[in-house]
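# Observations on the model geometry
Take a look at the letters that make up each chain.
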Amino acid sequence: MKLNKKLLAMSVLAASLIAGQAWGAVSAGEAAKLGDSLTPIGAEKAGNGGAIPAWTGGLTTPPAGYKGDGIYVNPFPDEAPQFTIDQSNVAEYADKLSPGQVAMIKQYPDYVLPVYETHRTAAYPKDVMDETVKNATGTELIKDGNGLGNYKDATPFPIPQNGLEAIWNHITRYRGGSVQRNVGQATPTANGAYSVVKFQDELTWRTYLEDYKPSEDANVLFYFKQAITAPARLAGNVLLVHETIDQVAEPRRAWVYNAGQRRVRRAPQVAYDGPGTASDGMRTSDNFDMFNGAPDRYNWELVGKKEMYIPYNSYKLVDRNLTYDQIVKPGHINQDLTRYELHRVWHLRATLKEGERHIYAQRDFYIDEDTWQASVIDHYDGRGELWRVAEAHSMQFYDQIVPWYAVETLYDLLSGRYLVLGLTNEEVDPYQFGVKRQSRDYTPAALRRAGTR
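Here is a short report on the structure shown in this document. (Residues numbered from 1 in each chain as written. Predicted model: local features only at pLDDT ≥ 70, side-chain atom pairs only at ≥ 80, totals over all residues. Heavy atoms only, no water.)

The next subject is the layout of surface pockets. A volume near 710 Å³ is recorded for the largest pocket. Around the largest pocket, the lining is made up of 38 residues, and of these Gln 226, Leu 239, Val 270, Thr 277 and Arg 283 lie nearest the centre. For the lining of the largest pocket, the secondary structure elements donating two or more residues are α6 (163-172), β5 (178-186), β6 (196-205), β7 (220-230), β8 (238-244) and β9 (253-258). Here the residues of the lining of the largest pocket are counted per class, giving 18 nonpolar, 10 polar and 10 charged. (1 Å grid on protein atoms, 1.4 Å probe; cavity = no way out; pocket = protein on both sides within 12 Å on 5 of 7 lines; lining within 4 Å. Points joined across faces, edges and corners; volume = space filled by probe spheres on them. Helix = DSSP H or I, 4+ residues; strand = E, 2+ residues; numbered from the N terminus. Nonpolar A, V, L, I, M, F, W, Y, C, P; charged D, E, K, R; others polar.)

Pasting the structure below:
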(Lines give C-alpha, C1' and ligand atoms only; values in the text may rest on other atoms or scores of the structure.)
Protein backbone atom coordinates (compact mmCIF):
# COMPACT_ATOMS: atom_id res chain seq x y z
CA MET A 1 0.00 0.00 0.00
CA LYS A 2 1.54 3.30 -1.10
CA LEU A 3 1.67 6.46 0.95
CA ASN A 4 -0.56 9.25 -0.26
CA LYS A 5 2.09 11.68 -1.58
CA LYS A 6 -0.26 14.65 -1.41
CA LEU A 7 -1.01 13.99 2.25
CA LEU A 8 2.70 13.53 2.92
CA ALA A 9 3.51 16.92 1.38
CA MET A 10 0.71 18.58 3.37
CA SER A 11 2.05 16.98 6.57
CA VAL A 12 5.54 18.37 5.99
CA LEU A 13 4.14 21.81 5.16
CA ALA A 14 1.96 21.85 8.29
CA ALA A 15 4.93 20.84 10.42
CA SER A 16 7.07 23.62 8.96
CA LEU A 17 4.38 26.20 9.70
CA ILE A 18 3.96 24.94 13.26
CA ALA A 19 7.72 25.08 13.80
CA GLY A 20 7.62 28.86 13.89
CA GLN A 21 4.83 29.04 16.48
CA ALA A 22 4.92 28.95 20.26
CA TRP A 23 3.69 25.69 21.72
CA GLY A 24 2.26 24.80 25.06
CA ALA A 25 -0.16 25.97 27.67
CA VAL A 26 -3.76 26.78 26.81
CA SER A 27 -5.76 29.65 28.30
CA ALA A 28 -7.54 29.36 31.63
CA GLY A 29 -10.84 29.54 29.77
CA GLU A 30 -9.92 26.63 27.55
CA ALA A 31 -8.58 24.63 30.50
CA ALA A 32 -11.91 25.13 32.30
CA LYS A 33 -13.38 22.51 29.97
CA LEU A 34 -11.39 19.84 31.84
CA GLY A 35 -13.77 18.15 34.26
CA ASP A 36 -16.72 19.82 32.50
CA SER A 37 -17.24 18.94 28.83
CA LEU A 38 -13.90 17.13 28.85
CA THR A 39 -12.63 14.52 31.28
CA PRO A 40 -9.74 15.64 33.53
CA ILE A 41 -7.40 13.86 31.08
CA GLY A 42 -8.83 15.68 28.04
CA ALA A 43 -11.25 13.21 26.41
CA GLU A 44 -14.75 14.16 25.36
CA LYS A 45 -16.92 13.32 28.34
CA ALA A 46 -20.11 12.85 26.33
CA GLY A 47 -20.90 9.76 24.31
CA ASN A 48 -21.69 9.79 20.61
CA GLY A 49 -25.39 9.13 20.98
CA GLY A 50 -24.86 5.52 20.01
CA ALA A 51 -22.26 2.86 20.69
CA ILE A 52 -19.85 5.10 22.63
CA PRO A 53 -21.22 5.92 26.09
CA ALA A 54 -20.43 8.94 28.24
CA TRP A 55 -17.41 8.72 30.54
CA THR A 56 -18.61 8.46 34.14
CA GLY A 57 -15.36 7.95 36.03
CA GLY A 58 -14.08 4.66 34.70
CA LEU A 59 -13.63 1.29 36.42
CA THR A 60 -12.23 1.80 39.92
CA THR A 61 -13.94 -1.01 41.84
CA PRO A 62 -12.70 -4.58 41.39
CA PRO A 63 -15.39 -6.98 40.14
CA ALA A 64 -16.80 -9.83 42.18
CA GLY A 65 -14.33 -12.67 42.50
CA TYR A 66 -11.19 -10.56 42.51
CA LYS A 67 -9.02 -11.58 45.47
CA GLY A 68 -6.57 -8.68 45.46
CA ASP A 69 -3.75 -10.98 44.34
CA GLY A 70 -2.97 -9.44 40.97
CA ILE A 71 -4.78 -12.20 39.09
CA TYR A 72 -7.25 -10.04 37.19
CA VAL A 73 -10.86 -11.15 36.91
CA ASN A 74 -12.70 -10.22 33.72
CA PRO A 75 -15.32 -7.61 34.73
CA PHE A 76 -17.45 -8.51 31.69
CA PRO A 77 -17.45 -12.34 31.71
CA ASP A 78 -20.92 -12.82 30.29
CA GLU A 79 -20.65 -10.49 27.31
CA ALA A 80 -20.51 -11.95 23.81
CA PRO A 81 -19.36 -10.21 20.62
CA GLN A 82 -22.03 -8.03 19.04
CA PHE A 83 -20.57 -8.85 15.62
CA THR A 84 -17.29 -9.90 14.02
CA ILE A 85 -15.30 -8.10 11.34
CA ASP A 86 -13.72 -10.52 8.87
CA GLN A 87 -12.93 -10.85 5.19
CA SER A 88 -16.61 -11.03 4.27
CA ASN A 89 -17.54 -7.61 5.69
CA VAL A 90 -14.28 -5.66 6.18
CA ALA A 91 -15.19 -3.15 3.45
CA GLU A 92 -18.33 -2.22 5.41
CA TYR A 93 -16.25 -1.24 8.47
CA ALA A 94 -13.04 -0.03 6.80
CA ASP A 95 -13.73 3.62 7.69
CA LYS A 96 -13.44 2.68 11.36
CA LEU A 97 -10.26 0.63 10.97
CA SER A 98 -6.69 1.54 10.15
CA PRO A 99 -5.25 0.53 6.76
CA GLY A 100 -3.02 -1.87 8.67
CA GLN A 101 -5.96 -3.59 10.37
CA VAL A 102 -7.69 -3.94 7.01
CA ALA A 103 -4.51 -5.42 5.51
CA MET A 104 -4.25 -7.96 8.34
CA ILE A 105 -7.84 -9.07 7.85
CA LYS A 106 -7.30 -9.47 4.10
CA GLN A 107 -4.03 -11.37 4.58
CA TYR A 108 -5.23 -13.86 7.22
CA PRO A 109 -8.68 -15.51 6.99
CA ASP A 110 -8.65 -16.24 10.73
CA TYR A 111 -7.58 -12.72 11.71
CA VAL A 112 -10.99 -11.47 12.77
CA LEU A 113 -12.05 -8.64 15.07
CA PRO A 114 -14.71 -9.63 17.64
CA VAL A 115 -16.51 -6.38 18.47
CA TYR A 116 -18.06 -6.03 21.93
CA GLU A 117 -20.07 -3.41 23.77
CA THR A 118 -17.98 -0.31 24.51
CA HIS A 119 -17.02 0.36 28.14
CA ARG A 120 -15.05 3.50 28.98
CA THR A 121 -13.19 1.90 31.87
CA ALA A 122 -10.17 4.24 31.90
CA ALA A 123 -9.61 5.84 35.31
CA TYR A 124 -6.79 7.64 37.10
CA PRO A 125 -5.95 8.54 40.70
CA LYS A 126 -7.20 11.98 41.76
CA ASP A 127 -3.70 13.41 42.14
CA VAL A 128 -2.84 12.44 38.56
CA MET A 129 -5.99 14.10 37.25
CA ASP A 130 -5.37 17.21 39.35
CA GLU A 131 -1.79 17.47 38.07
CA THR A 132 -3.02 17.09 34.49
CA VAL A 133 -5.43 19.99 34.92
CA LYS A 134 -2.54 22.11 36.25
CA ASN A 135 -0.36 21.10 33.31
CA ALA A 136 -2.93 22.43 30.84
CA THR A 137 -2.08 26.03 31.69
CA GLY A 138 1.54 25.53 32.72
CA THR A 139 3.44 22.94 30.69
CA GLU A 140 5.11 24.04 27.46
CA LEU A 141 7.10 22.46 24.66
CA ILE A 142 10.69 23.66 24.59
CA LYS A 143 13.80 22.99 22.47
CA ASP A 144 11.82 22.86 19.18
CA GLY A 145 9.35 20.50 20.78
CA ASN A 146 11.96 18.02 22.00
CA GLY A 147 11.52 18.78 25.70
CA LEU A 148 8.95 19.85 28.29
CA GLY A 149 9.05 22.95 30.43
CA ASN A 150 7.20 23.39 33.74
CA TYR A 151 6.47 19.67 33.89
CA LYS A 152 6.58 17.21 36.78
CA ASP A 153 4.36 14.26 35.85
CA ALA A 154 0.89 13.22 34.59
CA THR A 155 -0.45 14.21 31.14
CA PRO A 156 1.31 17.38 29.94
CA PHE A 157 -1.13 18.51 27.22
CA PRO A 158 -4.70 17.35 27.91
CA ILE A 159 -5.91 19.78 25.21
CA PRO A 160 -3.28 19.23 22.49
CA GLN A 161 -2.74 21.90 19.87
CA ASN A 162 -0.43 19.94 17.55
CA GLY A 163 1.08 16.54 16.88
CA LEU A 164 4.12 16.95 19.11
CA GLU A 165 1.95 17.63 22.12
CA ALA A 166 -0.14 14.56 21.35
CA ILE A 167 2.85 12.20 21.11
CA TRP A 168 4.29 13.62 24.35
CA ASN A 169 0.99 12.68 26.01
CA HIS A 170 1.58 9.06 24.99
CA ILE A 171 5.25 9.09 26.02
CA THR A 172 4.58 10.54 29.48
CA ARG A 173 1.21 8.94 30.26
CA TYR A 174 0.61 7.56 33.75
CA ARG A 175 1.49 3.87 34.20
CA GLY A 176 1.32 3.57 37.95
CA GLY A 177 4.33 5.67 38.88
CA SER A 178 6.35 2.68 40.05
CA VAL A 179 5.78 -0.87 38.84
CA GLN A 180 7.51 -4.20 38.40
CA ARG A 181 6.23 -6.72 35.88
CA ASN A 182 7.20 -10.25 34.84
CA VAL A 183 6.22 -10.88 31.25
CA GLY A 184 7.17 -12.94 28.21
CA GLN A 185 7.93 -12.07 24.60
CA ALA A 186 7.64 -14.36 21.58
CA THR A 187 8.62 -13.86 17.93
CA PRO A 188 7.00 -16.75 16.06
CA THR A 189 8.22 -17.84 12.65
CA ALA A 190 5.71 -17.83 9.79
CA ASN A 191 4.77 -21.44 10.59
CA GLY A 192 4.17 -20.63 14.26
CA ALA A 193 7.34 -22.03 15.88
CA TYR A 194 8.48 -19.90 18.82
CA SER A 195 10.28 -19.75 22.12
CA VAL A 196 9.53 -17.32 24.94
CA VAL A 197 11.98 -14.79 26.31
CA LYS A 198 11.04 -13.81 29.87
CA PHE A 199 11.69 -10.39 31.34
CA GLN A 200 11.50 -8.75 34.73
CA ASP A 201 10.85 -5.08 34.04
CA GLU A 202 11.04 -2.20 36.51
CA LEU A 203 9.63 1.22 35.63
CA THR A 204 9.92 4.04 38.14
CA TRP A 205 9.08 7.68 37.54
CA ARG A 206 11.70 9.96 39.07
CA THR A 207 9.05 11.62 41.22
CA TYR A 208 8.11 8.21 42.68
CA LEU A 209 11.57 7.41 44.05
CA GLU A 210 11.73 7.13 47.83
CA ASP A 211 14.76 9.45 47.81
CA TYR A 212 13.36 11.85 45.18
CA LYS A 213 14.98 15.26 45.12
CA PRO A 214 13.67 17.78 42.57
CA SER A 215 17.15 19.16 41.86
CA GLU A 216 18.76 15.78 41.09
CA ASP A 217 18.52 14.33 37.57
CA ALA A 218 16.01 17.04 36.68
CA ASN A 219 16.05 16.07 33.00
CA VAL A 220 15.14 12.43 33.75
CA LEU A 221 11.55 11.40 33.14
CA PHE A 222 11.76 7.82 34.43
CA TYR A 223 14.13 4.92 35.09
CA PHE A 224 13.67 1.57 33.35
CA LYS A 225 15.48 -1.68 34.08
CA GLN A 226 14.89 -4.92 32.20
CA ALA A 227 16.48 -8.22 33.25
CA ILE A 228 16.15 -11.33 31.10
CA THR A 229 15.23 -14.33 33.28
CA ALA A 230 14.86 -17.01 30.55
CA PRO A 231 15.99 -18.79 28.43
CA ALA A 232 19.26 -19.81 30.07
CA ARG A 233 21.42 -18.59 27.18
CA LEU A 234 20.17 -15.02 27.71
CA ALA A 235 19.36 -15.05 31.43
CA GLY A 236 21.22 -12.46 33.45
CA ASN A 237 21.54 -9.87 30.69
CA VAL A 238 20.19 -6.53 31.93
CA LEU A 239 19.29 -3.25 30.26
CA LEU A 240 19.19 0.04 32.20
CA VAL A 241 17.69 3.23 30.76
CA HIS A 242 17.54 6.74 32.17
CA GLU A 243 14.82 8.24 29.97
CA THR A 244 15.59 11.93 29.56
CA ILE A 245 12.92 14.50 28.83
CA ASP A 246 15.00 16.45 26.30
CA GLN A 247 16.80 13.63 24.46
CA VAL A 248 18.33 15.95 21.89
CA ALA A 249 20.15 18.10 24.44
CA GLU A 250 20.92 15.02 26.56
CA PRO A 251 20.46 11.71 24.74
CA ARG A 252 18.86 8.79 26.55
CA ARG A 253 21.37 7.19 28.90
CA ALA A 254 21.49 3.43 28.45
CA TRP A 255 23.73 0.62 29.66
CA VAL A 256 23.70 -3.15 29.28
CA TYR A 257 25.16 -5.83 31.50
CA ASN A 258 26.29 -8.90 29.56
CA ALA A 259 26.16 -11.90 31.88
CA GLY A 260 28.55 -13.93 29.73
CA GLN A 261 31.20 -11.22 29.71
CA ARG A 262 30.31 -10.01 33.23
CA ARG A 263 30.74 -6.45 32.14
CA VAL A 264 28.67 -3.26 31.92
CA ARG A 265 28.92 -1.06 28.85
CA ARG A 266 27.13 1.95 27.41
CA ALA A 267 24.39 1.17 24.88
CA PRO A 268 23.77 4.13 22.55
CA GLN A 269 22.03 1.79 20.10
CA VAL A 270 19.06 1.51 22.50
CA ALA A 271 17.17 4.29 20.74
CA TYR A 272 15.31 5.07 17.53
CA ASP A 273 15.60 2.11 15.11
CA GLY A 274 18.29 0.28 17.04
CA PRO A 275 17.41 -3.41 17.53
CA GLY A 276 14.90 -4.26 20.26
CA THR A 277 16.03 -6.53 23.09
CA ALA A 278 15.92 -10.24 22.15
CA SER A 279 13.40 -9.45 19.41
CA ASP A 280 15.02 -11.42 16.57
CA GLY A 281 14.89 -8.28 14.43
CA MET A 282 11.13 -8.01 14.81
CA ARG A 283 11.05 -4.59 16.44
CA THR A 284 13.07 -1.42 16.86
CA SER A 285 13.97 0.10 20.20
CA ASP A 286 11.31 2.76 19.74
CA ASN A 287 8.63 0.14 18.97
CA PHE A 288 8.66 -0.85 22.66
CA ASP A 289 5.55 0.39 24.51
CA MET A 290 4.19 1.03 20.99
CA PHE A 291 6.43 4.15 20.79
CA ASN A 292 9.04 5.58 23.10
CA GLY A 293 11.97 7.96 23.06
CA ALA A 294 12.87 11.21 21.34
CA PRO A 295 10.41 12.53 18.74
CA ASP A 296 12.98 14.68 16.91
CA ARG A 297 13.46 12.59 13.75
CA TYR A 298 9.86 13.07 12.62
CA ASN A 299 7.47 15.83 11.67
CA TRP A 300 4.27 15.34 13.66
CA GLU A 301 0.83 16.16 12.29
CA LEU A 302 -2.34 16.03 14.36
CA VAL A 303 -4.73 14.83 11.67
CA GLY A 304 -7.80 14.90 13.91
CA LYS A 305 -10.19 12.61 15.75
CA LYS A 306 -12.17 9.64 14.52
CA GLU A 307 -14.17 6.70 15.82
CA MET A 308 -12.37 3.41 15.50
CA TYR A 309 -12.51 -0.24 16.53
CA ILE A 310 -9.49 -0.76 18.81
CA PRO A 311 -8.42 -3.49 21.25
CA TYR A 312 -9.88 -2.71 24.68
CA ASN A 313 -10.67 -4.35 28.02
CA SER A 314 -8.49 -7.30 27.02
CA TYR A 315 -8.86 -9.33 30.19
CA LYS A 316 -9.03 -12.67 28.38
CA LEU A 317 -5.37 -12.28 27.41
CA VAL A 318 -4.21 -12.17 31.04
CA ASP A 319 -6.12 -15.29 32.11
CA ARG A 320 -3.56 -17.24 34.16
CA ASN A 321 -5.15 -20.53 33.07
CA LEU A 322 -4.02 -19.97 29.48
CA THR A 323 -0.89 -21.57 28.11
CA TYR A 324 1.41 -19.77 25.69
CA ASP A 325 0.30 -22.17 22.95
CA GLN A 326 -3.29 -21.02 23.39
CA ILE A 327 -2.27 -17.42 22.68
CA VAL A 328 0.57 -17.66 20.16
CA LYS A 329 -0.58 -18.87 16.72
CA PRO A 330 0.93 -18.73 13.21
CA GLY A 331 0.66 -15.23 11.72
CA HIS A 332 -0.96 -13.55 14.71
CA ILE A 333 -2.17 -14.11 18.25
CA ASN A 334 -5.37 -16.05 18.88
CA GLN A 335 -8.03 -13.51 17.94
CA ASP A 336 -10.69 -15.47 19.83
CA LEU A 337 -9.06 -14.12 22.99
CA THR A 338 -9.19 -10.49 21.84
CA ARG A 339 -11.83 -7.86 22.36
CA TYR A 340 -12.43 -4.77 20.21
CA GLU A 341 -14.64 -1.82 21.05
CA LEU A 342 -15.63 1.42 19.33
CA HIS A 343 -13.74 4.35 20.85
CA ARG A 344 -12.67 7.83 19.81
CA VAL A 345 -9.01 8.13 18.90
CA TRP A 346 -6.61 10.88 17.92
CA HIS A 347 -5.10 10.24 14.50
CA LEU A 348 -1.47 11.36 14.52
CA ARG A 349 0.91 11.11 11.55
CA ALA A 350 4.70 11.09 11.85
CA THR A 351 6.75 11.61 8.66
CA LEU A 352 10.52 11.28 8.61
CA LYS A 353 12.33 14.60 8.36
CA GLU A 354 14.50 15.28 5.36
CA GLY A 355 18.06 14.27 6.11
CA GLU A 356 17.11 11.97 9.02
CA ARG A 357 17.23 8.18 8.92
CA HIS A 358 14.90 5.55 10.30
CA ILE A 359 13.59 2.28 8.89
CA TYR A 360 10.04 3.68 9.15
CA ALA A 361 9.40 6.58 6.76
CA GLN A 362 5.90 7.20 8.09
CA ARG A 363 3.96 6.07 11.13
CA ASP A 364 0.23 6.60 11.63
CA PHE A 365 -0.80 6.56 15.28
CA TYR A 366 -4.33 6.02 16.60
CA ILE A 367 -4.30 7.14 20.24
CA ASP A 368 -7.15 6.38 22.63
CA GLU A 369 -8.67 9.63 23.89
CA ASP A 370 -9.35 8.26 27.40
CA THR A 371 -5.82 7.07 28.16
CA TRP A 372 -3.43 8.71 25.64
CA GLN A 373 -2.19 5.20 24.89
CA ALA A 374 -1.33 4.43 21.27
CA SER A 375 -3.80 1.67 20.40
CA VAL A 376 -2.88 1.01 16.77
CA ILE A 377 0.14 2.15 14.74
CA ASP A 378 0.68 1.56 11.03
CA HIS A 379 4.35 1.62 9.96
CA TYR A 380 5.47 2.35 6.39
CA ASP A 381 8.87 1.61 4.90
CA GLY A 382 11.11 3.89 2.82
CA ARG A 383 9.29 2.91 -0.39
CA GLY A 384 5.98 4.04 1.04
CA GLU A 385 4.71 0.49 1.49
CA LEU A 386 2.68 -0.54 4.53
CA TRP A 387 5.08 -2.81 6.43
CA ARG A 388 4.20 -3.40 10.07
CA VAL A 389 1.02 -3.09 12.12
CA ALA A 390 1.10 -2.64 15.90
CA GLU A 391 -1.85 -3.19 18.24
CA ALA A 392 -2.00 -2.60 21.98
CA HIS A 393 -4.50 -4.77 23.82
CA SER A 394 -5.29 -2.56 26.79
CA MET A 395 -6.98 -3.12 30.11
CA GLN A 396 -7.77 -1.19 33.27
CA PHE A 397 -5.84 -2.41 36.33
CA TYR A 398 -8.84 -1.62 38.47
CA ASP A 399 -7.25 -2.36 41.84
CA GLN A 400 -4.45 0.15 41.17
CA ILE A 401 -6.45 2.61 39.01
CA VAL A 402 -3.97 2.29 36.16
CA PRO A 403 -4.79 1.94 32.45
CA TRP A 404 -2.06 0.07 30.57
CA TYR A 405 -1.45 -2.71 28.07
CA ALA A 406 -2.10 -6.38 28.68
CA VAL A 407 -0.29 -7.40 25.48
CA GLU A 408 1.22 -5.48 22.56
CA THR A 409 1.72 -7.01 19.12
CA LEU A 410 3.72 -5.98 16.06
CA TYR A 411 2.82 -7.76 12.81
CA ASP A 412 5.15 -7.86 9.80
CA LEU A 413 2.99 -8.00 6.68
CA LEU A 414 5.94 -8.88 4.44
CA SER A 415 7.59 -11.73 6.35
CA GLY A 416 4.47 -13.20 7.95
CA ARG A 417 6.15 -13.02 11.35
CA TYR A 418 5.21 -11.00 14.41
CA LEU A 419 6.21 -10.10 17.95
CA VAL A 420 3.98 -10.37 21.02
CA LEU A 421 5.08 -8.81 24.31
CA GLY A 422 3.32 -9.02 27.67
CA LEU A 423 2.60 -12.73 27.88
CA THR A 424 1.83 -13.61 31.46
CA ASN A 425 4.77 -15.37 33.08
CA GLU A 426 3.48 -18.77 34.13
CA GLU A 427 5.60 -18.98 37.29
CA VAL A 428 5.54 -15.44 38.69
CA ASP A 429 2.77 -12.91 39.38
CA PRO A 430 2.98 -10.57 36.40
CA TYR A 431 2.41 -7.10 37.93
CA GLN A 432 3.40 -5.47 41.20
CA PHE A 433 2.44 -1.81 41.48
CA GLY A 434 3.73 0.64 44.06
CA VAL A 435 7.16 -1.03 44.31
CA LYS A 436 9.38 1.52 46.07
CA ARG A 437 12.88 2.10 44.72
CA GLN A 438 15.93 4.18 45.57
CA SER A 439 17.88 6.13 42.98
CA ARG A 440 20.86 3.84 43.64
CA ASP A 441 18.78 0.95 42.23
CA TYR A 442 19.18 2.58 38.82
CA THR A 443 22.92 3.13 38.61
CA PRO A 444 25.19 1.19 36.22
CA ALA A 445 26.77 -0.44 39.29
CA ALA A 446 23.40 -1.97 40.13
CA LEU A 447 23.24 -3.87 36.84
CA ARG A 448 25.50 -6.71 37.95
CA ARG A 449 23.35 -7.28 41.05
CA ALA A 450 20.22 -7.35 38.89
CA GLY A 451 21.75 -9.89 36.54
CA THR A 452 22.83 -12.33 39.26
CA ARG A 453 19.90 -12.26 41.65
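Still more ground to cover, so stick around.
For α6, the buried fraction is high: 10 of the 10 residues fall into the buried class. The backbone nitrogen of Leu 164 has a side-chain oxygen 3.2 Å away, supplied by the residue at the start of α6, namely Asn 162. (Buried < 20%, exposed > 50% of the residue type's maximum accessible area, 1.4 Å probe, protein only. Polar contact = N/O pair within 3.5 Å; in protein donor to acceptor, adjacent residues only side chain to side chain.)

Bringing the pattern of salt bridges into the picture now. The tally for this structure, following the rule as stated, stands at 29 salt bridges. Lys 134 is the salt-bridge partner of Glu 131, the closest N and O atoms lying 3.6 Å from each other. Linking Glu 131 with Lys 134, this pair stays in helix α5 (residues 126-138), spanning three residues, or about one helical turn. Given the relative accessible area of 15%, Glu 131 is considered buried. Asp 201 serves as the salt-bridge partner of Arg 181, at 3.1 Å between the closest nitrogen and oxygen. Pair noted here: Arg 181 is in strand β5 and Asp 201 is in strand β6, with a separation of 20 residues, a long-range link. Note on accessibility: Arg 181 and Asp 201 belong to one class, buried. (Salt bridge = Lys/Arg side-chain N within 4 Å of Asp/Glu carboxyl O.)

Our focus in this paragraph is empty space enclosed by the protein. The full count for this structure, using the stated rule, is six cavities of 30 Å³ or more. Taken as a whole, the largest cavity holds about 80 Å³ of empty space. Residue lining of the largest cavity: Arg 283, Asn 287, Phe 288, Met 290, His 379, Ala 390, Glu 408, Thr 409, Leu 410, Leu 419 and Leu 421, and that is the complete set. Only β16 (402-412) and β17 (418-424) provide two or more residues apiece to the lining of the largest cavity. Counting residues per element, the lining of the largest cavity draws most heavily on β16, at three residues.

We now examine the environment of His 242. Along the chain, the position of His 242 falls in strand β8. A relative accessible area of 7% places His 242 in the buried class. In the structure, His 242 is positioned 200 residues away from Tyr 442 in sequence and 8.0 Å away in space, judged by C-alpha atoms. Those residues in contact with His 242 that sit more than four places away from it in its chain are Asp 217, Val 220, Phe 222, Tyr 223, Arg 252, Arg 253, Trp 255 and Tyr 442. Polar side-chain contacts of His 242 include one of 2.6 Å to the backbone oxygen of Tyr 442. (Contact = heavy atoms within 4.5 Å.)

Its 13 residues place the ends of α5 18 Å apart at the C-alpha level, agreeing with the 18 Å of an ideal helix rising 1.5 Å per residue. Every buried residue belonging to α5 is among Val 128, Met 129, Glu 131, Thr 132, Asn 135 and Ala 136, and all of these are buried. All buried residues of α5 project into a common sector of 160 degrees when viewed along the axis, lining one side. For α5, the exposed residues set more than 90 degrees away from the buried face come down to Lys 126 and Lys 134. In this structure, the buried residues of α5 make contact with α2 (28-31). (Expected span 1.5 Å × (residues − 1). Arc of directions from axis to C-beta.)

With that settled, consider the side chain of Ser 285. Structurally, Ser 285 can be placed in the loop between β10 (263-266) and β11 (298-311). A polar side-chain atom of Ser 285 sits 3.4 Å from the main-chain carbonyl oxygen of Pro 275. The residues touching Ser 285, leaving out its near neighbours within four places in the chain, are Gln 269, Val 270, Ala 271, Tyr 272, Gly 274, Pro 275, Gly 276 and Asn 292.

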